[in-house]
Amino acid sequence: MKFWLDKGVDGFRMDVIPFISKRPRVFPDYPKEYEGRVQFFYAAGPKVHDYIREMNREVLSKYDVMTVAEAFGVSLEQTPLLVDDAATNST
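Figured I'd write up the structure that's included with this text. (Residues numbered from 1 in each chain as written. Predicted model: local features only at pLDDT ≥ 70, side-chain atom pairs only at ≥ 80, totals over all residues. Heavy atoms only, no water.)

1. Comments concerning the overall build of the protein
Across its full length, the protein holds four helices and two strands. Its helices and strands taken in sequence order, the protein reads α-β-α-α-β-α from the N to the C terminus. The buried share of the protein, reckoned over its 91 residues, is 19%. At a minimum sequence separation of 6, the contacts of the protein that also span at least 24 residues come to 73%. Working note: accessible area of the protein is about 7,200 Å², and carbon and sulfur atoms make up 55% of it. (Helix = DSSP H or I, 4+ residues; strand = E, 2+ residues; numbered from the N terminus. Buried < 20%, exposed > 50% of the residue type's maximum accessible area, 1.4 Å probe, protein only. Contact = heavy atoms within 4.5 Å. Areas by Shrake-Rupley, 256 points an atom, 1.4 Å probe, with all protein chains shown as cover.)

2. Regarding the pattern of salt bridges
Counted under the stated rule, the structure contains four salt bridges. The partner of Asp50 in a salt bridge is Arg53, with the nearest N and O atoms 3.0 Å apart. With Asp50 and Arg53 both in helix α3 (residues 48–58) and three residues apart, this pair spans about one turn of that helix. Here Asp50 falls in the partly exposed class, since its relative accessible area comes to 37%. The partner of Glu58 in a salt bridge is Arg57, with the nearest N and O atoms 3.1 Å apart. (Salt bridge = Lys/Arg side-chain N within 4 Å of Asp/Glu carboxyl O.)

3. So, a nonpolar patch on the surface
Taken together, the side chains of Leu81, Leu82 and Val83 make up a nonpolar region of the molecular surface, amounting to roughly 250 Å² of accessible area. You can call Val83 partly exposed: its relative accessible area is 36%. (Patch = residues over 30% accessible without salt bridge, like charges linked within 9 Å, V, L, I, M, F, W, Y side chains within 5 Å.)

Below you can see the structure in the form of structure tokens.
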């Protein structure tokens, strides 16, 4: 990220960001109730917020940039956990 930001890019689109965290050492089959919507089972692994905070702390917060992410597999109820209120309230 630093490489591209130092080159002058204005931000990043982060596709499928909820999938950056996996359950450690276990790749379970999805339960039958997730048939046809497995993204809700595999998204938002146990460290997804740790990884996003690290990305912000170590890189993004040091630049004047914009990010947008595709949150496939995130329910409407989980959405506020991935949105920065400061960004949604700016004009």
